[in-house]
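For reference, the chains in residue letters:
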Amino acid sequence: MTQSADARFLEQAQLLGYSFDGEIKIGGNYVPLVRDGHHFYVSGQIPRVGNTVVVTGAVGVEVSLVDAQKAAKVCVMRGLALLQRALGSLGHIQSVPRITVYVQSASTFTQQSEVADGASEVLFQVLGPQAGAHSRTSVGVLQLPKNAAVEIDLIASIWSN
Amino acid sequence: MTQSADARFLEQAQLLGYSFDGEIKIGGNYVPLVRDGHHFYVSGQIPRVGNTVVVTGAVGVEVSLVDAQKAAKVCVMRGLALLQRALGSLGHIQSVPRITVYVQSASTFTQQSEVADGASEVLFQVLGPQAGAHSRTSVGVLQLPKNAAVEIDLIASIWSN
Amino acid sequence: MTQSADARFLEQAQLLGYSFDGEIKIGGNYVPLVRDGHHFYVSGQIPRVGNTVVVTGAVGVEVSLVDAQKAAKVCVMRGLALLQRALGSLGHIQSVPRITVYVQSASTFTQQSEVADGASEVLFQVLGPQAGAHSRTSVGVLQLPKNAAVEIDLIASIWSN
């Protein structure tokens with residue numbers, strides 16, 4: 001990859017058809033990310049662009065797998081946007097030790113891993129195969145804030161020099 | 001804030017009408033918190049005071065938002081009580097990189113963030129705006145141990161000197 | 001305990017009646033574990049042995065508590081198998097700061113902690129009371145990938161010398 005992570009981030013945003021330039025709004029009395037030494041803990045992100053949650057409802061009934069994957073991509077892009085603002089550039093990210101993917105699921109929907117693949121794809125595309133390699137947990141929950149279809153949190157580590 | 005974190009902890013306990021002086025009971029074959037270098041991982045806390053889980057049931061149907069927020073406060077107070085015993089004083093806490101808030105939700109209840117605001121308020125009140133700043137993930141689950149309305153786990157970091 | 005952690009791992013595998021010698025398959029576009037300094041983040045493990053998820057369905061209705069505990073044991077054994085391959089020996093593990101146990105639950109099933117005790121027992125049996133001591137969060141979710149009854153992720157820390 002000859003492009004920078006920041007250029008690839010912009011490319012992914014264009015592919016999704018959303019801009020992540022505006023305020024990354026969060027819905028409560030906490031902070032969007034916390035620095036802890038060389039780690040950043042990013043709060044749970046729902047697929048909100050501006051004031052709109054762009055994918056809502058239970059996956060498997062109201063939401064298709066493809067739309068749920070798009071929701072997962074938007075969640076991760078929001079997380080990356082927050083990291084980019086905190087760090088100046090996504091090039092400072094060394095690794096993403098963990099992402100947790102919560103999928104609002106119909107009771108018979110068992111493709112949470114496939115939904116999470118949307119998130120994983122963005123991490124690999126933007127950060128590359130080294131920094132973008134991540135461990136992952138995907139589960140199917142009953143509901144999410146604002147009826148979001150997907151919510152994702154993550155931990156990123158940065159280079160120490 | 002001129003009071004110490006420990007004094008503010010006591011004040012919050014009095015506001016809630018509960019004492020956290022007794023044993024902090026846990027329900028299984030594990031430990032309530034693990035020290036890992038300068039971090040403490042606190043096990044998932046349900047709103048148990050003594051032997052009683054004080055808020056049970058699904059939020060949105062059996063449990064009101066206000067009661068769920070109170071449950072979230074009790075969960076965090078239990079976590080802080082455990083940290084206070086391990087550390088001697090809550091003044092040693094540098095930050096709370098992550099809390100995860102699991103809300104036993106009715107299928108149409110989408111205010112998990114508002115429930116979690118109860119937990120966030122306690123952290124800010126007791127630890128202050130610096131150490132109490134935390135990243136947060138809130139999700140709506142189908143059930144929780146002992147029919148608890150809320151369960152919260154957290155990671156705290158301590159000052160290294 | 002005079003046996004090594006690796007010998008005790010083999011013993012637990014024999015008690016469960018499963019071999020963890022083969023490939024530890026994962027179901028998506030991510031990595032099974034990520035090293036982060038002295039920590040390893042292990043991705044969410046379902047009770048898959050080879051190509052088969054050995055315990056599926058909702059605990060409390062389709063799956064008994066005993067079978068769910070067995071599922072939890074298989075999840076942790078998979079995690080330990082991954083760590084053993086990455087480290088050469090389980091003797092390098094210093095502690096397990098966190099495990100999170102997701103139980104696919106019937107809406108009235110509230111013994112998620114008891115399910116998780118299966119996982120905790122394996123950690124204590126294999127790693128011993130020091131390295132096996134862990135913090136734990138157990139929740140009841142609506143669904144899990146591939147209809148698994150249980151999913152568990154964990155963080156392990158290793159000795160720094």
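Notes on the structure follow. (Residues numbered from 1 in each chain as written. Chains lettered and ligands numbered in written order. Predicted model: local features only at pLDDT ≥ 70, side-chain atom pairs only at ≥ 80, totals over all residues.)

### Re the overall build of chain A
- If you tally the helices and strands in chain A, you get three helices and seven strands.
- Sequence-ordered secondary structure for chain A, helices as α and strands as β, is α-β-β-β-β-α-β-α-β-β.
- At 15 Å, chain A has a C-alpha radius of gyration in line with the 15 Å of a compact globule built from 161 residues.
- Dimensions of chain A along its principal axes, counting C-alpha atoms only, are 45 × 35 × 25 Å.
- The buried share of chain A, reckoned over its 161 residues, is 63%.
- Across chain A, every contact between residues at least 6 apart in sequence was considered, and the portion connecting residues at least 24 apart equals 81%. (Helix = DSSP H or I, 4+ residues; strand = E, 2+ residues; numbered from the N terminus. Rg over C-alpha atoms; globule rule 2.2 N^0.38 Å. Buried ≥ 20, exposed ≤ 12 C-beta atoms within 10 Å, placed from the backbone. Contact = placed C-beta atoms within 7 Å.)

### What to know about the sheet that holds strand E5 (residues 93–104) of chain A
All names here are of chain A.
- Taken in spatial order, the five strands line up as E1-E2-E7-E5-E6 in an open sheet, and their pairing is mixed. At either end of the open sheet lies a strand with only one pairing partner, and these are strand E1 (33–36) and strand E6 (134–141). Adjacent strand axes in the sheet meet at a mean angle of 10°, parallel and antiparallel pairs treated alike.
- Pairing analysis gives eight bridges linking E5 to E6, with the strands arranged parallel. Note on E6: the bridge partner recorded for Arg 98 is Ser 135.
- Running at roughly 35° to strand E7 (residues 150–158), helix H2 (residues 65–87) makes contact with E1, strand E2 (39–45), E5 and E7 of the sheet.
- The sheet contacts of helix H3 (residues 112–131) involve E5, E6 and E7, and relative to E5 the element is tilted by about 165°. (Pairing = 2+ DSSP bridges. Axes fitted to C-alpha atoms, helices over the stretch in contact; angles between N-to-C directions.)

### Remarks on the sheet that holds strand E7 (residues 150–158) of chain B
Residue and element names in this part refer to chain B.
- Taken in spatial order, the five strands make up an open sheet running E1-E2-E7-E5-E6, and their pairing is mixed. The outermost strands of the open sheet, each flanked by one partner alone, are strand E1 (33–36) and strand E6 (134–141). Put simply, the sheet's adjacent strands are angled 10° from each other on average, direction ignored.
- Along the sheet, helix H2 (residues 65–87) contacts E1, strand E2 (39–45), strand E5 (93–104) and E7; its crossing angle with E7, the most-contacted strand, is approximately 35°.
- Each of E5, E6 and E7 is contacted by helix H3 (residues 112–131), which is oriented at about 165° to E5, the strand it contacts most.

### Side note on the interface of chain B and chain A
- Taken together, the contact between chain B and chain A spans 24 residues of the former and 22 residues of the latter.
- With eight residues, the top contributor of residues to the side of chain B that touches chain A is E6(B).
- Broken down by class, the residue content of the side of chain B that touches chain A amounts to seven nonpolar, 13 polar and four charged. (Nonpolar A, V, L, I, M, F, W, Y, C, P; charged D, E, K, R; others polar.)

### Side note on the environment of C:Gly28
- Checked against the element boundaries, C:Gly28 lands in the loop between helix H1 (5–16) and strand E1 (33–36).
- Apart from residues no more than four positions distant in its own chain, C:Gly28 is found in contact with A:Ser113, A:Ala116, A:Asp117, A:Ser120 and A:Arg136.

### Side note on the relation of the copies chain B and chain A
- Mapping chain B onto chain A calls for a rotation angle of 120° and an axial translation of 0.0 Å; the resulting RMSD is 0.0 Å. The transformation relating the two chain copies, once decomposed into turn and shift, fits a three-fold axis.
- Little of the interface of chain B is mirrored in chain A, where only 8% of its interface residues are also at the interface. (Least-squares fit on C-alpha atoms with pLDDT ≥ 70 in both.)

### Side note on the packing of H2(A) against H3(A)
Residues and elements named next belong to chain A.
- Viewed as axis vectors pointing N to C, H2 and H3 meet at an angle of 40°, and their least axial separation amounts to 7 Å. Viewed along their axes, H2 and H3 adopt a mutual orientation that is oblique. Pair H2 / H3 crosses with right-handed handedness. Contacts from Leu 65, Ala 68, Gln 69, Lys 70, Ala 72, Lys 73, Cys 75, Val 76, Met 77 and Leu 80 in H2 reach Glu 114, Val 115, Ala 116, Asp 117, Gly 118, Ala 119, Val 122, Leu 123 and Val 126 in H3.
- Tallied by class, residues from the contact of H2 with H3 come to 13 nonpolar, two polar and four charged. (Parallel < 35°, antiparallel > 145°, perpendicular 65-115°, else oblique. Left-handed = near helix turned anticlockwise from the far one by under 90°.)

### What to know about the packing of H1(C) against helix H3 (residues 112–131) of chain C
Residues and elements named next belong to chain C.
- Where H1 contacts H3, the axes come no closer than 7 Å and their chain directions differ by 140°. In terms of orientation, H1 and H3 fall into the oblique class. For the pair H1 and H3, the contacting residues are Ala 5, Arg 8, Phe 9 and Gln 12 in the first and Val 122, Gln 125, Val 126 and Leu 127 in the second.
- Of the residues that constitute the contact of H1 with H3, the class distribution is five nonpolar, two polar and one charged.

### Digging into the interface of chain B and chain C
- Each partner contributes residues to the interface: chain B has 22 residues there, and chain C has 24 residues.
- The set of elements that each furnish at least two residues to the side of chain B that touches chain C consists of E1, E2 and E7 of chain B.
- Counted by class, the side of chain B that touches chain C contains 11 nonpolar, seven polar and four charged residues.

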